[in-house]
Amino acid sequence: QVQLVESGGGLVQAGGSLRLSCAASGRTFSGYGMGWFRQAPGKEREFVAAVSSTGVTRYYADSVKGRFNISRDNTKKTVYLQMISLNPEDTAVYYCAADRRPSAVADFRPNWWGQGTQVTVSL
């Protein structure tokens, strides 16, 4: 079991950057795959990125590849999503998530979710 709390969301202009953080609790955090999803109003929740338990393997949705970077610090029990070159299509609530499988990336299926943090990109 893990609890996840996102932070770092806010308003940013197109072309700007933003870094999201996800603080996790749980003794076995270092054994979980971690990832990010996002959801815009009226749209389905979509996968954004995932990272393996060791931080070695990463996987990204095509829509964000080359612009977003996921990383983790197991000592701090924190997962990050660095976002650059943001555009209005990136506007959504971003959710941190955990998969109990340590190597889950391309097949990331969350068991636990955070509350979400709003990211708004203006023109």
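Here, every reference points to the structure presented above.
Residues numbered from 1 in each chain as written. Predicted model: local features only at pLDDT ≥ 70, side-chain atom pairs only at ≥ 80, totals over all residues. Heavy atoms only, no water.

Caption draft 1: Just the sheet that holds strand β1 (residues 3-7), in detail. Reading across the sheet, the 4 strands line up as β1-β3-β8-β7 and stay open at both edges, with antiparallel pairing between neighbours. Either end of the sheet is taken by a strand with one partner, and the two such strands are β1 and β7 (68-73). Strand-to-strand twist across the sheet, computed as the mean angle between neighbouring axes with direction ignored, equals 15°. (Pairing = 2+ DSSP bridges. Helix = DSSP H or I, 4+ residues; strand = E, 2+ residues; numbered from the N terminus. Axes fitted to C-alpha atoms, helices over the stretch in contact; angles between N-to-C directions.)

Caption draft 2: Inspection of the pairing of strand β9 (residues 92-99) at higher detail. The buried fraction of β9 is high, at 7 of 8 residues. Note: β9 against strand β11 (residues 117-122), 3 bridges, orientation antiparallel. Each bridged residue has a counterpart across the sheet, and for valine 93 the counterpart in β11 is glutamine 118. Note that β9 and strand β10 (residues 112-113) share 2 bridges and pair antiparallel. (Buried < 20%, exposed > 50% of the residue type's maximum accessible area, 1.4 Å probe, protein only.)

Caption draft 3: Seen up close, the pattern of salt bridges. Applying the stated criterion to the full structure yields 5 salt bridges. Arginine 38 is paired through a salt bridge with aspartate 90; the nearest N and O atoms lie 2.9 Å apart. Here arginine 38, found in strand β4 (residues 33-39), pairs with aspartate 90, found in the loop between β8 (78-83) and β9; they are 52 residues apart in sequence, far enough to count as distant. Exposure class is identical for arginine 38 and aspartate 90. Each is buried. A cluster of three or more residues bridged by salt bridges with shared partners is formed by Arg38, Glu46, Arg67 and Asp90. (Salt bridge = Lys/Arg side-chain N within 4 Å of Asp/Glu carboxyl O.)

Caption draft 4: Structural detail: unusual backbone geometry. Even without being a glycine, lysine 77 presents a positive backbone phi close to 50°. Within the fold, lysine 77 resides in the loop between β7 and β8. Owing to a relative accessible area of 30%, lysine 77 belongs among the partly exposed residues under this scheme. Phi at serine 85 is positive, roughly 50°, even though this residue is not glycine. Classification of serine 85 by relative accessible area gives partly exposed; the value is 39%.

Caption draft 5: Looking closely at the packing of aromatic side chains. Counted under the stated rule, the structure contains 7 aromatic pairs. Through successive ring pairs, a cluster of aromatic residues spans Phe37, Phe47, Tyr59, Tyr95, Phe108 and Trp113. Geometry around tryptophan 113 places arginine 45 over its ring, the cationic atom sitting 4.7 Å from the centre. (Phe/Tyr/Trp six-rings, centres within 6.5 Å; stacked < 30°, edge-to-face > 60°. Lys NZ or Arg CZ within 6 Å of the ring centre and 35° of its normal.)

Caption draft 6: Here's a closer look at the state of the cysteines. For the structure on display, the rule yields 1 disulfide. Disulfide pairing is shown between cysteine 22 and cysteine 96; the S-S distance is 2.1 Å. Here the disulfide of cysteine 22 and cysteine 96 is left-handed, its torsion about the S-S bond being about -80°. Residue cysteine 22 is found in strand β3 (residues 18-25), and its partner cysteine 96 is found in strand β9; the two are separated by 74 residues along the sequence. Of the two residues, cysteine 22 and cysteine 96, neither departs from the other in class, the shared state being buried. (Disulfide = S-S within 2.5 Å.)

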